[in-house]
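# Structural overview for review
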Amino acid sequence: MPQSAAIIGGIQRLVLYETRARYFLVGSNHAQTKHRVLKIDRTEPKDLVIIDDKHVYNQQEVRELLGRLDLGNRTKISQKGSSGLSRTVSAFGIVGFVRFLEGYYIVLITKRRKMADIGGHSIYKIEDTTMIYIPNDSVRVTHPDEARYLRIFQNVDLSSNFYFSYSYDLSHSLQYNLTLLQRPYEQWSSAASSTEEEVHTQSKQDSFDIFEDEGLPTKVVYGLYNEPYYKYVWNGKLLERVKDIVHHDWLMYIIHGFCGQSKLLIYGRPVHITLIARRSSKFAGTRFLKRGANCEGDVANEVETEQVVHDASVMSFTAGSYSSYVQVRGSVPLYWSQDISTMMPKPPIRLDQADPYAYVAGLHFDQMLQRFGSPIIILNLVKKREKRKHEKILSEELFRAVVNLNQFLPPSHCIDYIAWDMARYTKSKLCNVLDRLSMIAENVVKRTGFFINRSDFYCHTLRPDERWGDVGGQITSTGRLQTGVLRTNCVDCLDRTNTAQFMVGKCALAYQLYALGMIDKPKLQFDTDCVRLFEELYEDHGDTLSLQYGGSQLVHRVKTYRKIAPWTQHSKDIMQTLSRYYSNAFSDADRQDAINLFLQVYQPSEFKPHLWELPTDFYLHHTSTMAIPQDRRSYTLWWSEGVLSYLPVPYDEVPCEENMNKVKVKRMNQLDESIDIYTEFFKPYELTSFDDTFCIAMTNSAREFMPKTVGADPNPFTVRKPEETGKSVLGKSSKEETILQRKTAASAPPPPSEEAISSTSEDDSEEDREDEGTVSQRSTPIKLLTESGESSRTQEEVYQQHMAKEPYGLNLAEFPSEDDLLIYQRFAHLGESQHRVERTEHINPANIICLEPVSCFPEDSIYAVLPPQVGKNSQEVFEGHVMTGQGQVRALCREDMLMYREYIKNRYM
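Residues numbered from 1 in each chain as written. Predicted model: local features only at pLDDT ≥ 70, side-chain atom pairs only at ≥ 80, totals over all residues. Heavy atoms only, no water.

## Observations concerning helix 3 (residues 174–182)
- Most of helix 3 sits inside the fold, with seven of its nine residues counted as buried.
- Among the residues of helix 3, those classed as buried are L174, Q175, Y176, N177, L178, T179 and L180. (Buried < 20%, exposed > 50% of the residue type's maximum accessible area, 1.4 Å probe, protein only. Helix = DSSP H or I, 4+ residues; strand = E, 2+ residues; numbered from the N terminus.)

## Quick look at helix 7 (residues 392–406)
- Between its terminal C-alpha atoms helix 7 stretches 21 Å, which fits the 21 Å expected from 15 residues at 1.5 Å a residue.
- Next to the buried residues of helix 7 lie strand 16 (336–338), strand 17 (349–351), helix 6 (359–372), strand 18 (376–380), strand 19 (416–419) and strand 23 (485–489). (Expected span 1.5 Å × (residues − 1). Contact = heavy atoms within 4.5 Å.)

## Section: unusual backbone geometry
- Looking along the chain, the bond that leaves S374 and enters P375 is cis, with omega of 5°.
- Structurally, P375 can be placed in the loop between helix 6 and strand 18.
- A cis geometry characterises the amide bond from L647 onward to P648, with omega recorded as 10°.
- Even without being glycine, N301 reaches a positive phi, approximately 50°.
- When you line up the elements, N301 lands in the loop between strand 13 (269–279) and strand 14 (303–311).
- Looking at N301, the relative accessible area reads 5%, which means it is buried.
- Unusually for a residue other than glycine, C493 sits at a positive phi of about 60°.
- Note that C493 resides in the loop between strand 23 and helix 11 (495–515).
- On the accessibility criterion, C493 (1% relative accessible area) is buried.

## Let's talk about empty space enclosed by the protein
- Applying the stated criterion across every chain, the model contains nine cavities of 30 Å³ or more.
- For the lining of the second largest cavity, a count of residues per class yields three nonpolar, five polar and three charged. (1 Å grid on protein atoms, 1.4 Å probe; cavity = no way out; pocket = protein on both sides within 12 Å on 5 of 7 lines; lining within 4 Å. Points joined across faces, edges and corners; volume = space filled by probe spheres on them. Nonpolar A, V, L, I, M, F, W, Y, C, P; charged D, E, K, R; others polar.)

## A short note on the pattern of salt bridges
- Counted under the stated rule, the structure contains 34 salt bridges.
- Linking R278 and E306 is a salt bridge whose minimum nitrogen-to-oxygen distance equals 2.5 Å. Placement of the pair is R278 in strand 13 and E306 in strand 14, with a sequence separation of 28 residues. With respect to burial, R278 and E306 carry one shared label: buried.
- R447 is the partner of D416 in a salt bridge, and the nearest nitrogen-oxygen pair spans 1.8 Å. Residue D416 is found in strand 19, and its partner R447 is found in helix 9 (residues 433–448); the two are separated by 31 residues along the sequence.
- Of the residues examined, R447 reaches a relative accessible area of 38% and is grouped as partly exposed. (Salt bridge = Lys/Arg side-chain N within 4 Å of Asp/Glu carboxyl O.)

## A closer look at the nonpolar core
- If you look at the biggest cluster of nonpolar residues, it comprises 56 residues, and the most contacted ones within it are L513 and L524.
- Listed by contribution, the elements that provide at least two residues to this core are strand 12 (255–266), strand 13, strand 14, strand 18, helix 9, helix 11, helix 12 (529–549) and helix 13 (558–562).
- The biggest single contributor to this core is helix 11, with 12 residues.
- Within the second largest apolar cluster, 33 residues are counted, among which are W336, A361, M368 and I415. (Core = buried A, V, L, I, M, F, W, Y, C linked by side-chain atoms within 4.5 Å.)

## Regarding the packing of helix 11 against helix 12
- Contact geometry for helix 11 and helix 12: axes closest at 10 Å, N-to-C directions at 140°. Classified by the interaxial angle, the pair formed by helix 11 and helix 12 is oblique. The handedness of the crossing between helix 11 and helix 12 comes out as right-handed. On helix 12, the residues that touch N498, Q501, F502, G505, K506, L509 and L513 of helix 11 are C530, V531, F534, E535, Y538, H541 and G542.
- Residues that form the contact of helix 11 with helix 12 fall into these classes: seven nonpolar, five polar and two charged. (Axes fitted to C-alpha atoms, helices over the stretch in contact; angles between N-to-C directions. Parallel < 35°, antiparallel > 145°, perpendicular 65-115°, else oblique. Left-handed = near helix turned anticlockwise from the far one by under 90°.)

## Brief notes about the packing of helix 9 against helix 11
- At a closest axis distance of 9 Å, the pairing of helix 9 and helix 11 adopts a crossing angle of 55°. With respect to helix 11, the axis of helix 9 lies oblique. Viewed along their axes, helix 9 and helix 11 form a crossing whose handedness is right-handed. Within the contact between the two elements, helix 9 uses L434, L437, S438, A441, E442, V445 and K446 and helix 11 uses T499, A500, M503, V504, C507, A508 and Y511.
- Taken together, the residues of the contact of helix 9 with helix 11 break down into 10 nonpolar, two polar and two charged.

## Some points on the confidence of the model for the protein chain
- Residues at a pLDDT of 70 or more form 78% of the protein chain, whose mean pLDDT is 81.
- Contacts from residues 189–213, a stretch scored under 50 in pLDDT, to residues over four places away or in other chains number 16 contacts.
- Between residues 728–799, whose pLDDT stays under 50, and residues either more than four places distant or in other chains, the model counts 105 contacts. (pLDDT = per-residue confidence, 0-100.)

## Structural notes on the environment of E391
- Mapping E391 onto the fold places it in the loop between strand 18 and helix 7.
- Residue E391 is classed as buried on the basis of its relative accessible area, which comes to 5%.
- Counting along the chain gives 43 residues from E391 to P348, while the straight-line C-alpha distance between them is 9.0 Å.
- Setting aside anything within four residues of it in sequence, one finds E391 in contact with I349, V382, K383, E386, V491 and R496.

## What to know about the packing of aromatic side chains
- According to the stated counting rule, one finds 31 aromatic pairs in the structure shown.
- With a centroid separation of 5.6 Å and an interplanar angle of 55°, the aromatic rings of F399 and Y417 are classed as tilted. One end of the pair, F399, is in helix 7; the other, Y417, is in strand 19, with 18 residues separating them in the sequence.
- Using a relative accessible area of 44% as the deciding quantity, one classes F399 as partly exposed.
- In this structure Y417 comes out as partly exposed when scored by relative accessible area, which is 22%.
- Residues F618 and Y619 carry aromatic rings whose centres are separated by 5.5 Å and whose planes lie at 90° to one another, so their mutual orientation is edge-to-face. (Phe/Tyr/Trp six-rings, centres within 6.5 Å; stacked < 30°, edge-to-face > 60°.)

Quick look at the structure:
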């Protein structure tokens, strides 16, 4: 058990009960052993009155409480037909409370679906919600515009790509969450001491320990509750009204974006690849209505994408192997927009305000330095050569802003700016776009590094790779930290950006799998099961983000840039372009109003114009235009105080006083349900089926991508033919020709027939290319033709010779060398001497050859075996097992008493 653990949310199941005067919201944990009650007053027409009962009930106490409420709220005590307490709805969490012009509504999650699992922490997608009006009909004051606001609010489809977790902070990265658990406890001892007294007094009042007189000590574990990163929280404003009133178990924060997980099977060993995209709730909106940045440095279409790779055979965060890599996309951080009143497919770009000192860009990059550290690398994909200036306007202004900001930063922490016209490169027939992106990705990953929570394997020392030594980041005693981030942008940050992020993610995935000991070289090739699985994840990720911001799916995909897309894809691209144009022209304004209302950027009031009466929402997102700022930040020292002193490590992950105040620490028993992730994940109190578990239903590389032909190589890093997928028919391969492909993605290039469509990294050294060429010659596919008149035995011999040469490097047709013959003769002589022992008793085997014993048996030979001595502890375990089988119970030890005590406390107290 670790010495620190994240506190699992204590409210996972809710039931809303209704009386004429109040709503009673009863919440419980998943095991339904601990309950809390929230009382909501229904007699206030426009105010929200909530009373949080601080007491933690067990199941029997809750039943008695509901029984008393039912009896007390009947019109007549003797009347049994009509209940005074009615059950309204069951739910899985509270999204928040919202008010328009009348009373408050409560938004509840009524359906959920599991989407991913990271270290036993489940991530759910919201499937359905319900809005319930709180005030009673007798006190309701109606307003004619209430229904219209309600329709606008419900235009935000909460069942579309909103995610939450009870035990994992989705607003922070995996690196932040695991770093928080690994901090030394002396750092927050002061924070713990302030709450220690409160915890002890609560524990004495709320619970009674029947074992307290026996003097059985328990191990203390620090339970941690951390504040979320509100930039990526979408219901923060909806919970703001009750955040300081109710217990934090009632608060559940949701993110918007994408979450997908797939299983990569490496000869049966499960490796989970998870993709999490967090969309910023600041300056959020639709394509043409939200461009550039606002006055606070928040940019449009800002999404943080994190890929998590972990060995799923070990679940624990402390004992398992976890790796992650983070990259960001976002609009160009300038004051710019596009006029959509012209009804043009590409409205002209205009700079709205002059910003000669890059004030807004400085605010944006200051946020990135705090969250990601340095270096900040900008990959700008907009066009640089145009007949009429369009996208080039943004490139020129962004370059000036970066140059201006860099002159005040230390040279070691300057912002790197990479400008590459991806669209122009795509049109060239002589250039391969993905080759160039591979080279950029390799340089980026080597600079920023990636996160992994374990130190290097010994195999990395035995078989070093020259690329591994150049990987950046910060090396710690427990692994590696990613320092810095890649920020990719084009104009829309959709099609080109998604392809560039895929290539960077593919390069980072190779290093992550190499660090986890799964491959022997940090390099992956296209047309392997692993890359196909990863490409499908990224296409779903890109389609989802494109629908949210642009109104259609991706127009240009990875296959488009590889120039292997089928001819039907062109017609699909045209339809997506038309869909995007229609959405931008006719439905984006309504979606923007819904987002502004949901995020409470606009709060309705009777004393100001309605939302649909506003000519623009510019003043809602640019608060500085409504008031003169009292203090303006320096143009030269544009970063926040304390950020530079910790670089390249991000300021948010430093255990300073400001960050420690965001963490609530609670002393807990190691067997407490609130930190027991094993019970939370496996749910031993429920009857479950293997076929219904999430890990069986998720996308599987062996099931979905590996060819179903007989004799197919199960290695997910083997380069396949483009037409070979998991949907191929069994036995479809030709009988006349058998092609033996054993090229792994970690060591071999694609076949010669695929050179025109596949892309490899261009920054490899000449020695690597020569080595790869040698491997390619050795592993050339062999054609076995039956028309040559050779017997089937000869064909089988040739096949066996090739099979022996491929893994072992031996050719059975060649005569062994003299050294090999000498070794074999010595081995034969040793065998002769061993058989002479039967006839001669005076021969000392030590004179023949000296061998060191490697067996656990004291005597181990072909004549006699002496079993090893069994320890006392092992004998006691075996005897206890036999006694239990015979119906006899052994004496209980201290650990058994501790476990039984916790069971009694959780179930019956």
